[in-house]
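# Understanding the architecture of this molecule
So you can see what is in the structure, the chains are spelled out below.
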Amino acid sequence: MSPRANSGKMGEHTNMPNVNESGEQPKRRAVTAESMAAKQRDISVSEFFAKNRHLLGFDNPRKALLTAVKEAVDNSLDACEEAGIVPEIWVHIEATGPNRYKVGVQDNGPGIVKKQIPLIFGKLLYGSKFHRLRMSRGQQGIGISAAGMYGMLTTGKPVKIVSMTSPKKPAHYFEIQIDTRRNMPEIINGKGDGEDFPAGEKGQKYITDHGIEWVSHYPIPDEQSHHQEVRSGTRVTIELEGRYQRGRGSVDEYLEQTAIANPHVTIHYVDPDSGEHTYSRSTTQLPPEPVEIKPHPYGIELGQLVTMLKDTSAHSMAQFLTTSFSRVSSGVAQKICEAAKIGARANPKKIGRHEADSLYKAIQGTKISAPASDCISPIGESLILKGLHHQLPGEFFCAATRPPAVYRGNPFLIEVGLAYGGASSTQKVTLDALTDLLSESDARSLKQFLLTTFDGVGATGADKILSQARMGTRQSPAKLKKEEIDQLFAAMKNVNLSENQSMQVLRYANRVPLQFQPAACAITQSVTGTNWRAYGLAQSRGQLPVGPVTIMVHVASVWVPFTSESKEAIASYPEITKELRLGLQAVGRKLAVYLNRRKRVRQEGERREIFLRYLGEVARAVATIKDYGDRPRNDLYGRLVDVAKRKTAVADTQLNDEGKQRENAAEEFGENVLIVNPEGNPDETAQPEPTT
């Protein structure tokens, strides 16, 4: 038999099941219920998320770095606001090796008591926000502990925490890692108890000697020689595997967007290249403190109602309904009991499954007032305008806040801000920054680099830039020479993208920027589903509108319906999408008024220029026919100019920063409008002199 034939026969057996020498299939080993039970064990939540960390936003190094910063900053802002302290936050990212970074986030909040530190940073699903129905950035008690767990898994380094509750009390220092099998913290330093260091100068010496990172003083604005002492606060330091990259979806963009929605915060940021950036606050006014409310009857389900009946300490059904739910008075409780055919004095613990079902249907069928809205803390239209104007260039800003609404018994509120005008993001970048972005980018082509790095650059805009630079769309960004980078930079500065620039959408949930999964988010879907052509913007079906526009949408709620644990997109509940649509239409109408008025001013200005161009000839011709002298001819020219100005008076329209005419306030844009550079009169110095 030839080797070829042999190999063919062997190949025939490769797809056959395992057989023994006699050609029979071996018997499978019997598995009993007892042997299967011996292999089964419970899984802790931290062990589950350690294997499924993509669910929490740690699915790639670049996203992991941003998520770690985001979770720490969110916790700092919540702590400061709850304590009534105007937030001062420090974010420091330092490269410690290839694709390895040390992230440090510190605040001037109230600090954390010693016994709570290991549990907050070393145990998943531990926190104070999950059970409270009030607006807050965090919800599940997963974020910061998950960031520490990711750092431990990728670098083996523990999380380092410094907490100071008072300048007169010792500060606490912990090094913690998570035991994922038990979802419990393990304290590495201080023989398992952490370490304390004294306040004052002794404490500063201890910090310096032990290499502990802590910002003790910060400059006071407008007082360069004075510094404020950090009297309390918390600092968390996590070393993790990550990737730092500027542009869209970066830490830099997240912090800038955080400053827009939180105008009361100052962020001191040091990037991995040791560049220092400060996002200064535009107000010292803290948001109103949200009030905790009880669950609304419309927001519970049957199983939850059964559990509440079992766990209640109320002695009667009427007492149970009035004390367990919001907006249920004694009269409403009586109506519910009558509809369910249950006595108001019945013992809740003795309610059976059938009676609970009747009670649930009676609750849904009874008219109950919507829950109170003081559990929500909106940004406010005036502060939205301040935040947008402080961080974004533009000529027209407007904002609208919708009245509170309810989904599944949970109060929520929609706020929308809009900025029109300003330079494209491609024109704001520096040559050095562009060089760094090109070297850091993982895009395969220059067109992909422009689309994914700069907000608002559509496909048409990218093609215009590359055509101006005389470069191919498929060229590799990482392989560009210095001369080619200079060409690209010049093209990005010179090409006007205002006509082809896509709308930039800033999405927020409880003042937190949402950076990823825009297509799956109800906010983006509502923006693309709005007819922006009616408001003066070009738009293709199912696409974002085109123009130099930035739209900011904020969803504030006691419980934001995120599509996943990573909190990157908001679910499309009908009640939410309706309010989003109404909020977008409100700012769209204000934008339409501004664009129409600006268009009229420009058209009347062009019309006046045409008049002025020929008035000299008209005056000369009339003077010749009537045999006028020089003086009558000049008077005639002056009267004709006055007529032209009167007929094109719209060209003289000037608007104040509230969008109202300076001389005539009859026409208004509505409230909450800011105009930075309104179009005034055309240049009248170009008026021609009468022809001699």
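These remarks concern the structure in this document. (Residues numbered from 1 in each chain as written. Predicted model: local features only at pLDDT ≥ 70, side-chain atom pairs only at ≥ 80, totals over all residues. Heavy atoms only, no water.)

A few words now on the overall build of the protein chain. Helices and strands together make up the secondary structure of the protein chain, namely 21 helices and 18 strands. If you take every contact in the protein chain between residues at least 6 apart in sequence, the share linking residues at least 24 apart comes to 71%. If you sum the accessible surface of the protein chain, you get close to 35,000 Å²; carbon and sulfur atoms cover 49% of it. (Helix = DSSP H or I, 4+ residues; strand = E, 2+ residues; numbered from the N terminus. Contact = heavy atoms within 4.5 Å. Areas by Shrake-Rupley, 256 points an atom, 1.4 Å probe, with all protein chains shown as cover.)

Going through the model one piece at a time under the given rule, you end up with eight aromatic pairs. Aromatic pair Phe-197 and Tyr-206: ring centres 5.4 Å apart, planes at 20°, arrangement stacked. A residue is classified by how much of its surface remains accessible, and Phe-197, at 2% relative accessible area, is buried. Look at Tyr-206 and you get buried, because its relative accessible area is 18%. Look at Tyr-420 and Tyr-594: their rings are 6.4 Å apart centre to centre, the planes differ by 65°, and that puts the pair in the edge-to-face class. Taken together, the residues Tyr-420 in strand β14 (residues 410–420) and Tyr-594 in helix α20 (residues 574–626) connect sequence positions 174 residues apart. With respect to class, Tyr-420 is no different from Tyr-594; both count as buried. (Phe/Tyr/Trp six-rings, centres within 6.5 Å; stacked < 30°, edge-to-face > 60°. Buried < 20%, exposed > 50% of the residue type's maximum accessible area, 1.4 Å probe, protein only.)

Turning our attention to empty space enclosed by the protein. With the rule as written, the count across this model stands at five cavities of 30 Å³ or more. Of the volumes computed, that of the largest cavity is approximately 100 Å³. As for the largest cavity, its lining consists of 14 residues, of which Thr-67, Lys-70, Phe-516, Ser-566 and Glu-568 are closest to the centre. Breaking the lining of the largest cavity down by element, the ones donating at least two residues are α4 (61–82) and β16 (512–514). Looking at the lining of the largest cavity residue by residue, the classes come out as five nonpolar, four polar and five charged. (1 Å grid on protein atoms, 1.4 Å probe; cavity = no way out; pocket = protein on both sides within 12 Å on 5 of 7 lines; lining within 4 Å. Points joined across faces, edges and corners; volume = space filled by probe spheres on them. Nonpolar A, V, L, I, M, F, W, Y, C, P; charged D, E, K, R; others polar.)

Tallied over the entire structure, the rule returns 19 salt bridges. Between Lys-102 and Glu-94 there is a salt bridge, with the nearest N and O atoms lying 3.7 Å from each other. As a salt-bridge pair, Arg-235 and Glu-213 come within 3.6 Å of each other at their nearest N and O atoms. Note that Arg-235 is positioned in strand β9 (residues 233–241) and Glu-213 in the loop between α7 (200–209) and β7 (217–220), a separation of 22 residues in sequence. Each of Lys-70, Glu-71, Asp-74 and Lys-567 takes part in one network of salt bridges that share partners. (Salt bridge = Lys/Arg side-chain N within 4 Å of Asp/Glu carboxyl O.)

All right, on to the packing of helix α17 (residues 459–469) against helix α18 (residues 482–494) then. Between α17 and α18, whose axes approach to 8 Å, the crossing angle comes to 130°. Our classification of the angle between α17 and α18 gives oblique. Handedness of the α17/α18 crossing: right-handed. Residues Ile-465, Leu-466, Gln-468 and Ala-469 of α17 pack against Gln-487, Leu-488, Ala-491 and Met-492 of α18. (Axes fitted to C-alpha atoms, helices over the stretch in contact; angles between N-to-C directions. Parallel < 35°, antiparallel > 145°, perpendicular 65-115°, else oblique. Left-handed = near helix turned anticlockwise from the far one by under 90°.)

Moving on: the pairing of strand β3 (residues 159–164). With five of its six residues buried, β3 lies for the most part within the structure. Note that β3 and strand β4 (residues 171–179) share five bridges and pair antiparallel. Counterpart to Ser-163 in the pairing with β4 is His-172. Between the end of β3 and the start of β4, which pair antiparallel, lie six residues. The pairing of β3 with β9 spans five bridges and is antiparallel. Within β9, the position partnered with Ser-163 by the bridge is Thr-234. (Pairing = 2+ DSSP bridges.)

For the rest of this paragraph, the subject is the environment of Asp-374. For Asp-374, the location among the structural elements is in the loop between α12 (353–365) and α13 (381–391). Put simply, Asp-374 and Glu-289 are 85 residues apart on the chain and 8.4 Å apart in space, counted from C-alpha to C-alpha. With residues near it in sequence (within four places) discarded, Asp-374 still touches Glu-289, Pro-290, Val-291 and Ile-293.

Bringing the pairing of strand β1 (residues 88–97) into the picture now. Pairing of β1 with strand β10 (residues 266–270), which is carried by five bridges, proceeds in the parallel orientation. Within the sheet, the bridge partner assigned to His-92 lies in β10 and is Val-270. As paired strands, β1 and strand β2 (residues 100–107) are joined by eight bridges and run antiparallel to one another. Bridging from a neighbouring strand, Glu-94 pairs with Lys-102 of β2. The hairpin formed by β1 and β2 contains two residues between the paired strands, and Asn-99 there has a positive phi angle of roughly 55°.

So, about the side chain of Glu-579. The topology assignment puts Glu-579 in helix α20. For Glu-579, a relative accessible area of 9% translates into the label buried. Excluding anything up to four places from it in sequence, Glu-579 contacts Arg-402, Pro-403, Ala-405, Phe-412 and Ile-414.

The next thing to look at is the nonpolar core. Counting 45 residues, the largest nonpolar core has Val-91 and Val-236 as the members making the most contacts within it. In terms of residue count, α4 provides more of this core than any other element does, eight residues in total. Ala-509, Ile-523, Phe-562 and Ala-592 belong to the second largest nonpolar core, which has 39 residues in total. (Core = buried A, V, L, I, M, F, W, Y, C linked by side-chain atoms within 4.5 Å.)

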